[in-house]
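Geometric and topological summary
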Amino acid sequence: MHKLNFHLDLLEKEDISTYYTELFNVETNKLVHTSALTGSGFLKNNLVYLNDVPNYLNTKINAPSKNIKLKKINTYQGSLINLSEYNDFDDYLLKKISTKERSEIRRRQKRLDYCIKPTYKMYYGEISKTDYNIVFNDYKQMLVRRLEQKQSYWEELDYWETRYQSTFKLINKKKVCVFVIYHNKKPIAIYINSIFDKIIFNEVVAYNIDFSRFNIGILIFLKIIEWGINNKFELIDMSKGDFSYKERFRNRTYTFENHIIYSSSNIPILIKAKWVILKLHLLYTFLPLLKKIKLNRLNTAIKRMKNRHLFKEYASEAKLNLETKKLSTIDVLDNLEIINQEDKVYSFLKKPIIDFAFLNVEFIDDVLIYRDNTRANTFYLKGKKATQQLVKF
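Notes on the structure in this doc start here. As the structure is a computational prediction, the values presented were derived from the model and not from experiment.

1. Observations regarding the sheet that holds strand β8 (residues 176-183)
Strands belonging to one sheet form pairs held by backbone hydrogen bonds; the direction of such a pair is parallel or antiparallel. The strand order β1-β4-β12-β6-β11-β10-β9-β8-β7 describes an open sheet built from nine strands, whose pairing is mixed. Strands with a single pairing partner mark the edges of an open sheet, and in this sheet they are β1 (2-5) and β7 (119-123). Taking the axes of each pair of neighbouring strands and ignoring which way they run, one obtains an average angle of 30° across the sheet. Bridge count for strand β10 (residues 199-207) against strand β11 (residues 235-240) is three bridges, and the pairing is parallel. Of the residues in β11, the one forming a bridge with Ile 199 is Leu 235. Lying over the sheet, helix α6 (residues 160-172) contacts β7, β8, β9 (186-196) and β10, oriented at roughly 100° with respect to β8.

What follows is the structure, given as structure tokens:
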């Protein structure tokens with residue numbers, strides 16, 4: 001059996017014609033792929049299992065033999081944004097986002113721009129190998145650190161090396177776009193998306209959890225929407241997953257399908273196909289029950305255990321306790337020593353410093369960090385508007 005992923009193996013590798021003669025986008029009412037015939041010889045002698053086919057891309061097989069059959073099985077719900085309904089990004093925010101949330105989004109964006117003065121870069125059609133390596137190395141580190149914080153696991157880590165090896169060429173061929181938010185030339189949020197026709201497929205996002213006060217995961221996602229509208233893309237496919245942000249920002253839902261393509265005249269292939277179809281029907285019938293009894297959590301725990309070496313570097317962060325106290329001023333400076341916030345020895349102070357800048361609307365470079373030489377593990381943050389004491393336990 002040939003098991004393939006519709007997106008990775010067909011769209012990315014431009015191998016649609018082997019399996020389908022037509023792809024019609026029902027959201028945009030547009031034919032996005034057409035070919036005369038499928039690879040009938042291949043399909044006649046092979047059982048093909050294609051997963052994660054979005055049903056808004058209506059598929060058609062035009063094989064010479066009428067014995068080539070296609071069975072579709074519904075699997076998960078997907079989320080979609082049809083960008084063609086909006087004149088510009090402000091129009092999207094106005095029509096889709098509540099007044100309260102628009103205000104909160106603008107507040108956090110202004111706070112981010114003021115407090116850390118980030119730079120924004122979309123890599124699409126061109127990226128140097130140096131920039132690429134920096135982005136991908138930081139992307140993995142940020143993803144692992146976030147998963148350690150959540151005590152979770154994501155299969156994306158299993159495919160990191162594959163993605164790393166393939167994405168450089170895809171960016172330069174405009175099949176992938178990568179949006180990066182930088183602070184002092186270092187990535188703090190990265191969003192990787194693939195491109196097919198006028199569709200942006202959200203793939204993976206990773207961000208530095210030290211900047212979580214800014215809700216940076218949402219801010220970078222909104223940057224993708226804004227870029228998509230400005231560059232005349234028609235759809236953003238947010239893929240599957242029951243996440244609250246998808247419910248808030250989408251304007252469509254769709255259904256993922258698994259496709260089984262087989263020849264009914266080839267008896268061994270037919271028997272295998274019927275068995276696979278039965279198993280899939282049973283799986284997706286009982287999947288809600290498996291989720292209800294939280295069997296998926298056991299699977300996550302097993303994968304974390306097998307890959308525990310990945311999380312070792314960040315395990316100590318969960319045990320860190322810091323007590324904060326707001327001060328009007330620092331009384332005695334004689335026993336204090338200014339330290340560099342970029343010194344790795346004091347990396348545990350990074351998030352408290354960023355939180356301090358956010359909460360007090362301070363430019364982060366204006367914040368001075370003092371170490372108390374008379375009291376162990378005691379530090380002070382002093383900005384232009386506020387002062388704070390930190391005690392590490």
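2. Structural notes on the packing of aromatic side chains
Applying the stated criterion across every chain yields a total of 26 aromatic pairs. Ring centres of Phe 221 and Phe 249 lie 5.7 Å apart, and the angle between their planes is 55°; this geometry places the pair in the tilted category. Taken as a pair, Phe 221 in helix α7 (residues 216-230) and Phe 249 in helix α8 (residues 244-249) lie far apart in primary sequence, 28 residues in all. What makes Phe 221 buried here is its relative accessible area of 1%.

3. Remarks on unusual backbone geometry
Leaving glycine out, the prevailing phi sign among residues is negative, and the prevailing peptide bond configuration is trans. Positive phi is not limited to glycine here, since Asn 184 has a value of about 55°. Tracing the sequence through the fold places Asn 184 in the loop between β8 and β9. A residue is classified by how much of its surface remains accessible, and Asn 184, at 53% relative accessible area, is exposed. One non-glycine residue with positive phi stands out, namely Lys 232, at about 65°. Mapped onto the elements, Lys 232 comes out in the loop between α7 and β11.

4. Considerations on the environment of Lys 279
Following the sequence through the fold, Lys 279 ends up in helix α9 (residues 267-292). A C-alpha to C-alpha distance of 24 Å links Lys 279 and Lys 303, two positions 24 residues apart in sequence.

5. Here we look at the layout of surface pockets
Volume-wise, the second largest pocket comes out at about 1,400 Å³. Lining the second largest pocket are 43 residues, with Arg 145, Asp 210, Glu 317, Ser 347 and Lys 350 sitting closest to its centre. Every element with two or more residues in the lining of the second largest pocket is listed here: α5 (129-150), β9, β13 (322-327), α11 (350-360) and β17 (387-392). Grouping the amino acids of the lining of the second largest pocket by side-chain chemistry returns 15 nonpolar, twelve polar and 16 charged.

6. Quick notes on the pattern of salt bridges
Scanning all chains against the criterion turns up 21 salt bridges. Its salt-bridge partner being Arg 163, residue Glu 156 comes within 2.7 Å of it at the nearest N-O pair. No difference in accessibility class separates Glu 156 from Arg 163, as the two residues are buried. In this structure, Asp 355 and Lys 351 form a salt bridge, with 3.0 Å as the shortest nitrogen-oxygen distance. Placement of both Asp 355 and Lys 351 in helix α11 is noted, with a separation of four residues, approximately one turn of the helix.

Analysis parameters
- Residues numbered from 1 in each chain as written.
- Predicted model: local features only at pLDDT ≥ 70, side-chain atom pairs only at ≥ 80, totals over all residues.
- Heavy atoms only, no water.
- Pairing = 2+ DSSP bridges.
- Helix = DSSP H or I, 4+ residues; strand = E, 2+ residues; numbered from the N terminus.
- Axes fitted to C-alpha atoms, helices over the stretch in contact; angles between N-to-C directions.
- Contact = heavy atoms within 4.5 Å.
- Phe/Tyr/Trp six-rings, centres within 6.5 Å; stacked < 30°, edge-to-face > 60°.
- Buried < 20%, exposed > 50% of the residue type's maximum accessible area, 1.4 Å probe, protein only.
- 1 Å grid on protein atoms, 1.4 Å probe; cavity = no way out; pocket = protein on both sides within 12 Å on 5 of 7 lines; lining within 4 Å.
- Points joined across faces, edges and corners; volume = space filled by probe spheres on them.
- Nonpolar A, V, L, I, M, F, W, Y, C, P; charged D, E, K, R; others polar.
- Salt bridge = Lys/Arg side-chain N within 4 Å of Asp/Glu carboxyl O.

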